[in-house]
Amino acid sequence: MQSVSRAVADPARLAALAGHRLTGHVGDADLDAVVAHAAHALGAPVAAIELVGPGVQVHPAETGLGAPSSEEPDEVSFAAHVVASGEPLRVEDARAHPVLAANPAVAAGAVRSYLGVPLVDEDGVVLGALGVRDVRVREFPDAQVEVLQMQARLVRSVLSLRRQLIAHSWDARLLAVQNRVLEAVATGSPLDGVLALVRSAVRELAPGADAHQRLALDDTVARLTTIATDSDAWRRALTRTARQDPLTGLANRGHLLAAGQEALAARGGAVLFVDVDRFKEVNDRAGHAVGDQLLARLAQRLEAGLIAFPGAVVGRLGGDEFAAVLPGLSADDAAAVGQRLVGELADEVEVGRRTVRVSVSIGLAVAPAGTAITDVLAEADLAMYGAKARGRGLLHAGRADDDHADDELPVPRTDADGLPALPSPSGWPAS
């Protein structure tokens, strides 16, 4: 890494910085939204855009600092080190850092950890950093670095258009469009709506634009489209992670409860509580890897077995417990579905020199519209224990101690050992 002071004082860099004519807070709603989002997303009390000059850091937008600029020697400035390296800077404990421990804010206890990513203009010049600070020792994982880099691209776009506005009056309209689009991105508007704003901007600004302005418009449209699609993909990925069980790909417990409640709200329906019999034996004797493979396999079969029910919500409650919410299904129809699943989910696992026959016990509960999903699950859970008590590998409706609750349910075909027979090659008859 080159000398920090030399990197900060590079004439070409200072000229690019001066072109933005920023000396403190600019009161720009988009820049304020970026730093507020960065602070919220990373759970940090301080976030700031830091434009670095010799011995000074200008803050066009900040939260938690309360100052439009600050003065620190380049050698101990966090943002100046980002400028010199051109790379993200992660400092978990600034007091333990061989250089940055001398930073006045660190010495005063106002900063203990720091994460900053380069703020690079359209010409590749590092203007400064987008950084967050915390008063406690903490790590900054790669995912948080990516979040901050995405926000830095938003800052670059806004600052770039602000500089163009100084030189070209036409850019005032372009800046307004940019702000609308970036605000839509920052507030999580649907991708289709954001792209519609971009197309509207082209229709508004393209007529009468000269060659230079048209190039600027094309570049802006390309960058806005990239920002919008990247941000949408990132949000979708976070949503999937928040809703999906990582092992099986089914809905996780939280999403199952939320989606299941919504599914039962209008028409009511049935809930199947599925528990894998003899799973502990598989896990203990064959190992967790084999157990995980079994759960993933059974999850695929469970989901495939309910594909004919488009409104079904299928998820993993935890461990070897699964549940399926079947809105609008009657008790008889749900019993037929559950009975079929008892057969389809039967499996075999090699454990040492022997084969373990694995079955499932399923509890069935039916509830009217508006019933709380937790109440229906609790009833189906009790019914599942009734299936366990009757020998496992069965479907049961009603409480575990109700000897007559499932008298009307069909009886699954079994082998001599009392476990459900494996499905025949042609599958079960349609129910």
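Whatever comes next refers back to the structure up there.
The following paragraphs examine the structure supplied in this document.

Cut-offs applied
- Residues numbered from 1 in each chain as written.
- Predicted model: local features only at pLDDT ≥ 70, side-chain atom pairs only at ≥ 80, totals over all residues.
- Heavy atoms only, no water.
- Axes fitted to C-alpha atoms, helices over the stretch in contact; angles between N-to-C directions.
- Helix = DSSP H or I, 4+ residues; strand = E, 2+ residues; numbered from the N terminus.
- Parallel < 35°, antiparallel > 145°, perpendicular 65-115°, else oblique.
- Contact = heavy atoms within 4.5 Å.
- Nonpolar A, V, L, I, M, F, W, Y, C, P; charged D, E, K, R; others polar.
- Core = buried A, V, L, I, M, F, W, Y, C linked by side-chain atoms within 4.5 Å.
- Buried < 20%, exposed > 50% of the residue type's maximum accessible area, 1.4 Å probe, protein only.
- Pairing = 2+ DSSP bridges.
- Expected span 1.5 Å × (residues − 1).
- Polar contact = N/O pair within 3.5 Å; in protein donor to acceptor, adjacent residues only side chain to side chain.
- Salt bridge = Lys/Arg side-chain N within 4 Å of Asp/Glu carboxyl O.
- Phe/Tyr/Trp six-rings, centres within 6.5 Å; stacked < 30°, edge-to-face > 60°.
- Arc of directions from axis to C-beta.

### Observations concerning the packing of helix α11 (residues 279-286) against helix α12 (residues 288-305)
And then number 1: Where α11 contacts α12, the axes come no closer than 6 Å and their chain directions differ by 140°. One finds that α11 runs oblique with respect to α12. Along the contact surface, α11 presents F279, V282, N283 and A286, while α12 presents H288, V290, G291, L294 and L295.
And then number 2: Class assignment for the residues of the contact of α11 with α12 results in six nonpolar, three polar and no charged.

### Some points on the nonpolar core
And then number 1: Of all hydrophobic cores here, the largest spans 50 residues; its most connected members are I49, L51, L130, V132, L148 and V155.
And then number 2: Considering each element in turn, this core owes the most residues, nine residues, to helix α6 (residues 142-167).
And then number 3: Apart from the residues lying within four places of it in its own chain, the contact partners of L130 are V34, V35, A48, I49, L115, G116, V117, L119, L148, Q151, A152 and V155.
And then number 4: Counting 33 residues, the second-largest nonpolar core is a separate cluster that includes V282, A335, L364 and L395.

### Some words on the packing of helix α10 (residues 253-267) against helix α14 (residues 373-389)
And then number 1: At their nearest, the axes of α10 and α14 sit 9 Å apart, and the two run at 100° to each other. Classified by the angle between their axes, α10 and α14 sit roughly perpendicular to one another. Two secondary-structure elements touch here, α10 through L257, G260, Q261 and L264 and α14 through I373, V376 and L377.
And then number 2: Its residues assigned to classes, the contact of α10 with α14 comprises five nonpolar, two polar and no charged.

### Thoughts on the sheet that holds strand β8 (residues 269-276)
Paired through their backbone hydrogen bonds, the strands of a sheet run either parallel or antiparallel.
And then number 1: Reading across the sheet, the five strands line up as β9-β10-β8-β13-β14 and stay open at both edges, with mixed pairing between neighbours. Strands with a single pairing partner mark the edges of an open sheet, and in this sheet they are β9 (313-318) and β14 (395-397). Strand-to-strand twist in this sheet, taken as the mean axis angle between neighbours without regard to direction, amounts to 20°.
And then number 2: Alignment of strand β13 (residues 360-367) against β14, held across three bridges, turns out to be parallel. Bridge pairing links L364 to A397 in β14.
And then number 3: With respect to the sheet, α10 is in contact with β8, β9 and β10 (321-327), its orientation differing from that of β9 by roughly 140°.
And then number 4: Together, β8, β10, β13 and β14 form the strand contacts of helix α13 (residues 331-344), whose direction differs from that of β13 by roughly 165°.

### Side note on helix α3 (residues 29-42)
Each α-helix turn comprises 3.6 residues. Residues three or four places apart therefore point the same way.
And then number 1: Helix length check: α3, at 14 residues, gives a terminal C-alpha distance of 20 Å against a target of 20 Å (1.5 Å per residue), a fit within 8%.
And then number 2: With a side-chain oxygen positioned 2.8 Å from the backbone nitrogen of D30, the residue opening α3 is D28.
And then number 3: Remark: G43 follows α3 within two positions and exhibits a positive phi of approximately 60°.

### With respect to the pattern of salt bridges
And then number 1: Considering all chains together, one arrives at 16 salt bridges under this definition.
And then number 2: A salt bridge links K280 to D284; the shortest N-O distance between them is 2.6 Å. Taken as a pair, K280 and D284 lie in helix α11 at a separation of four residues, close to a single helical turn. Exposure class is identical for K280 and D284. Each is exposed.
And then number 3: A salt bridge links D347 to R297; the nearest nitrogen and oxygen atoms lie 2.8 Å apart. Note that D347 is positioned in strand β11 (residues 347-351) and R297 in helix α12, a separation of 50 residues in sequence.
And then number 4: Taking relative accessible area as the criterion, D347 reaches 7% and is therefore assigned buried.
And then number 5: In the salt-bridge network here, residues are joined through shared partners; they are D134, R136 and R138.

### Some words on the pairing of strand β7 (residues 126-134)
And then number 1: The element β7 is largely enclosed, with a buried count of nine among its nine residues.
And then number 2: When strand β1 (residues 46-53) meets β7, the two strands line up antiparallel, connected through six bridges. Bridging from a neighbouring strand, A47 pairs with V132 of β7.
And then number 3: The pairing of strand β6 (residues 113-120) with β7 spans eight bridges and is antiparallel. Counterpart to L119 in the pairing with β7 is G128.
And then number 4: Where β6 folds back onto β7 in an antiparallel hairpin, the turn is made up of five residues, including G124, whose phi is positive at roughly 85°.

### Things to note about the environment of V194
And then number 1: Note on placement: V194 falls in helix α8 (residues 191-205).
And then number 2: For V194, a relative accessible area of 2% corresponds to the buried category.
And then number 3: Spatially, the C-alpha atom of V194 lies 9.4 Å from that of E183, the residues being eleven residues apart in sequence.
And then number 4: Sequence-distant contacts of V194, that is, excluding residues within four places in its chain, are made with V181, A184, V185, S189 and A228.

### Focus: the packing of aromatic side chains
The relative placement of two aromatic rings is captured by the distance of their centres and the angle of their planes.
And then number 1: Here the structure, examined in full by the defined rule, presents one aromatic pair.
And then number 2: For the pair F78 and Y114, a centre-to-centre distance of 4.6 Å together with 25° between the ring planes defines the contact as stacked. With F78 in helix α4 (residues 78-85) and Y114 in strand β6, the pair connects residues that are 36 residues apart, well separated along the chain.
And then number 3: Residue classification places F78 among the buried positions, given a relative accessible area of 1%.

### Quick notes on helix α2 (residues 11-18)
And then number 1: Within α2, the full set of buried residues consists of R13, A16 and L17. Taken around the axis of α2, the buried residues stretch over an arc of 100°, which confines them to a single face. Looking at α2, the residues exposed on the side facing more than 90 degrees away from the buried face are P11 and A12.
And then number 2: Where α2 begins, one side-chain oxygen reaches toward the backbone nitrogen of A12, 3.3 Å away; that side chain belongs to D10.

Spatial relationships are all this shows, so hold off on functional conclusions.
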